[in-house]
Amino acid sequence: MNYCWGVTNYRFENFKPAFDESTGAPDERTQGYFASTSVGFHDVRSTEDALKNRVERAIADGRNLTAVYAQQEYEHALDANVPVATFAWFEKLVNVGGGRLVPGHLITWVTVRPTHRRRGLLRSLMTTDLAEAKADGYPFAALTATEGGIYSRFGFGVATWAHSIEVDTSPGFKMVHEPDRRVEMCLPSELRELAPKIYSEFMRTSPGAMERQQTYIERATGALNTDTGEADRGVRAALHFDEQGEADGYVSYKFAGWSKNPPTIELIDFVAVTDAAYASLWSFLAAIDLSTRVTFGESAEDSPLPWLLTDSRRVRTVSTEDNIWIRILDVKAALEARPWYVPGTLVLEIDDSLDLAGGRYTITSDGENAVVETASDSTPADLSLGIAELGSLYFGGADPVILARAGRIDENVPGAAVHASSMFNLGRMPYSPNGF
């Protein structure tokens, strides 16, 4: 990669996580890399076993690492083999609507040590990577952000959201319709094989959902507590079965401890392929003795749970956070990959400060697919927007009408935002119970 933007006195290296064959431990570059990300994300220092497991997960995910090293060393400072900035990317399939799966360029582990900020490192890493990803044919890049104000300047727009909810399961909890109750508890270890299969089916039902990383399997099975890096022996699990006896949903959870008031069940993972599985798993959770509350930090924005209950006030949204951010790299490839359920024509003028995907485009939908063509300057644009706003619209999660009211989109033709709202809609709000 050609790192630029006037960055000097630094060395950039690209490599894959690896083990030293002679010792069986992570090699020196890999150890230094993870020492740096631990500083950046305020993680505790890993034990040898925890680090080994972390590296194994990174290898399983196919992560590609970039480390930035300072050329100047200081006595008593951190070892020069610990990079001052990190970056990583890997590929996963993403549901862009209608079960259509497209390879996405996923960016993660972006850190810059506080002592090396404002040197152009982040800009160099990000712009170089995005240009390479576009050249490699990825229609879009994606990331999740620990800080919300950083990535819009690189063209990323929030595309999916997650709710943190609390559910009152005290006596009186009742569903409008009795669920099928085909739920049985299982050993969490059973999820090692079953969870990926169930999630793969779920992923095809939800726009914005993407293939998961190895970490999610480890958490669901109790093999990993992300706070400690060790196993979590408090994890429990349950499965829902369809009419043919096949597992089509699961939940993993743990008791929050007797010091928690009210007694609380904390959900670690919850995946349901069908509405029946979703309702029955919630009914099971409400029936757990010695607890009167369930908390879940990754609930869908349009969860049907309040509508399942006779008293919807038992579901309380504690917070709403952005989840997946999308950066369109190729407008034609990205928009033609997703389905279009409403026929019509829309002309968009897209501004991209990085000059990767800007221009004027005509979208022509037949109610199933769309043809996207570059439009001439003489073709009037219905809407003018930035590349970040197009990312927010991509999965149908953001409403062009709201973005126009907020000044994020310019409506050049009266009614164009309403028309765009119907065209971009995918029939179901995007949801990706996934971070990276």
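Residues numbered from 1 in each chain as written. Predicted model: local features only at pLDDT ≥ 70, side-chain atom pairs only at ≥ 80, totals over all residues. Heavy atoms only, no water.

1. Regarding the overall build of the protein chain
No. 1: A tally of regular secondary structure across the protein chain gives 11 helices and 19 strands.
No. 2: A compact globule built from 436 residues should have a C-alpha radius of gyration of about 22 Å, and the protein chain, at 23 Å, falls within 12% of that.
No. 3: In terms of its C-alpha atoms, the protein chain occupies a principal-axis envelope of roughly 65 × 60 × 35 Å.
No. 4: Counting only residues that meet the buried cut, the protein chain has 52% of its 436 residues in that class.
No. 5: Considering only contacts in the protein chain between residues 6 or more positions apart, those separated by 24 or more positions represent 73%.
No. 6: For the protein chain, the accessible area works out to roughly 20,500 Å², and carbon and sulfur atoms hold 48% of it. (Helix = DSSP H or I, 4+ residues; strand = E, 2+ residues; numbered from the N terminus. Rg over C-alpha atoms; globule rule 2.2 N^0.38 Å. Buried < 20%, exposed > 50% of the residue type's maximum accessible area, 1.4 Å probe, protein only. Contact = heavy atoms within 4.5 Å. Areas by Shrake-Rupley, 256 points an atom, 1.4 Å probe, with all protein chains shown as cover.)

2. Quick notes on the sheet that holds strand E3 (residues 85-95)
No. 1: In space, the 7 strands of this open sheet follow the order E1-E2-E3-E4-E5-E14-E6, with mixed pairing throughout. Looking at which strands have only one partner, the edges of the open sheet turn out to be strand E1 (10-15) and strand E6 (157-158).
No. 2: Pairing between strand E5 (residues 140-143) and strand E14 (residues 325-328): 4 bridges, direction antiparallel. Residue Ala141 lies in a different strand from E14, and its bridge partner there is Arg327. (Pairing = 2+ DSSP bridges.)

3. Observations concerning the UniProt feature "domain: N-acetyltransferase" (unreviewed entry) in the protein chain
No. 1: Mapped onto this numbering, the UniProt entry gives "domain: N-acetyltransferase" (unreviewed entry) at residues 39-180.
No. 2: Annotated as residues 39-180, this span is 22% helix and 31% strand, and its ends, taken at the C-alpha atoms, are 48 Å apart. (UniProt positions renumbered as here; feature names shortened; annotations may be inferred.)

4. Side note on the pattern of salt bridges
No. 1: Going through the model one piece at a time under the given rule, you end up with 18 salt bridges.
No. 2: Note that Arg212 is salt-bridged to Asp269, the shortest N-O span being 2.6 Å. Here the residue Arg212 occupies a position in the loop between helix H4 (191-203) and helix H5 (214-221), and Asp269 occupies one in strand E11 (residues 264-272), the gap between them amounting to 57 residues.
No. 3: Note on Arg212: relative accessible area 12%, which makes it buried.
No. 4: The closest approach of N and O atoms between Arg408 and Glu389, which form a salt bridge, is 2.7 Å. Of this pair, Arg408 sits in the loop between helix H10 (400-405) and strand E19 (409-411) while Glu389 sits in helix H9 (residues 387-393), and the two are 19 residues apart along the sequence.
No. 5: The network of salt bridges with common partners includes Arg11, Glu13 and Arg29. (Salt bridge = Lys/Arg side-chain N within 4 Å of Asp/Glu carboxyl O.)

5. Concerning unusual backbone geometry
No. 1: Cis geometry is adopted by the peptide bond preceding Pro262, which originates at Asn261 and carries an omega value of 0 degrees.
No. 2: Position of Pro262 relative to the elements: it lies in the loop between strand E10 (247-255) and E11.
No. 3: One non-glycine residue, Arg118, lies in the positive phi region at around 60 degrees.
No. 4: Within the secondary structure, Arg118 is located in the loop between strand E4 (101-112) and helix H3 (121-135).
No. 5: The phi angle at Leu290 is positive, at roughly 60 degrees, despite the residue not being glycine.
No. 6: Turning to its location among the elements, Leu290 is positioned in the loop between helix H6 (275-286) and strand E12 (293-300).
No. 7: What makes Leu290 exposed here is its relative accessible area of 61%.

6. Concerning the environment of Gly407
No. 1: Note on placement: Gly407 falls in the loop between H10 and E19.
No. 2: In this structure Gly407 comes out as exposed when scored by relative accessible area, which is 53%.
No. 3: Here the alpha-carbon distance between Gly407 and His76, two residues 331 residues apart in the chain, equals 51 Å.

7. Thoughts on the side chain of Ser384
No. 1: One can find Ser384 in strand E18 (residues 383-386).
No. 2: Exposure remark for Ser384: the relative accessible area of 19% places this residue in the buried category.
No. 3: Within the structure, the side chain of Ser384 is placed 3.0 Å from the side chain of Asn412, a separation counted as a polar contact.
No. 4: With near-sequence residues (within four places) excluded, Ser384 lies in contact with Glu349, Ile409, Asp410 and Asn412. (Polar contact = N/O pair within 3.5 Å; in protein donor to acceptor, adjacent residues only side chain to side chain.)

8. Concerning the nonpolar core
No. 1: Ranked by size, the top nonpolar core spans 71 residues in total, and within it Leu130, Phe156, Val331, Leu390 and Phe424 carry the most contacts.
No. 2: Among the elements that line this core, the one with the most residues is H3, at 6 residues.
No. 3: Excluding residues that lie within four positions of it along the chain, Phe156 makes contacts with Ile107, Met126, Leu130, Ala141, Ala142, Leu143, Tyr151, Trp325, Ile326, Arg327 and Ala388.
No. 4: Formed by 41 residues, the second largest nonpolar core is a distinct cluster that contains Leu191, Met203, Leu285 and Leu305. (Core = buried A, V, L, I, M, F, W, Y, C linked by side-chain atoms within 4.5 Å.)

9. Things to note about the UniProt feature "binding site: acetyl-CoA" (unreviewed entry) in the protein chain
No. 1: The UniProt record annotates "binding site: acetyl-CoA" (unreviewed entry) at Val110, Thr111, Val112, Arg118, Arg119, Gly120, Leu121, Leu122, Arg123, Thr146 and Glu147.
No. 2: Given a relative accessible area of 86%, Arg118 falls into the exposed group.
No. 3: Tracing the backbone through its elements, the reader meets Leu122 in helix H3.
No. 4: When near neighbours in sequence (up to four residues on either side) are disregarded, Leu122 contacts Val110, Val112, Ile150, Arg153 and Phe154.

10. Some words on the packing of aromatic side chains
Each aromatic ring pair is summarised here by two numbers: the centre-to-centre distance and the angle between the ring planes.
No. 1: What the rule picks out here adds up to 17 aromatic pairs.
No. 2: Note on Phe15 and Tyr33: the rings are 6.1 Å apart at their centroids and 90 degrees apart in plane angle, and the pair reads as edge-to-face. Of this pair, Phe15 sits in strand E1 while Tyr33 sits in helix H1 (residues 28-40), placing them 18 residues apart in sequence. For the pair formed by Phe15 and Tyr33, the shared burial category is buried.
No. 3: Taken together, a centroid distance of 5.3 Å and an interplanar angle of 80 degrees make the contact between Phe34 and Trp109 edge-to-face. Taken as a pair, Phe34 in helix H1 and Trp109 in strand E4 lie far apart in primary sequence, 75 residues in all. Across the pair, exposure class does not vary: Phe34 and Trp109 are buried alike.
No. 4: Three or more aromatic residues joined by ring pairs make a cluster, and in this case those are Phe15, Tyr33, Phe34 and Trp109.
No. 5: Just above the ring of Phe90 sits the side chain of Arg63; from NZ or CZ to the centre is 4.4 Å. (Phe/Tyr/Trp six-rings, centres within 6.5 Å; stacked < 30°, edge-to-face > 60°. Lys NZ or Arg CZ within 6 Å of the ring centre and 35° of its normal.)

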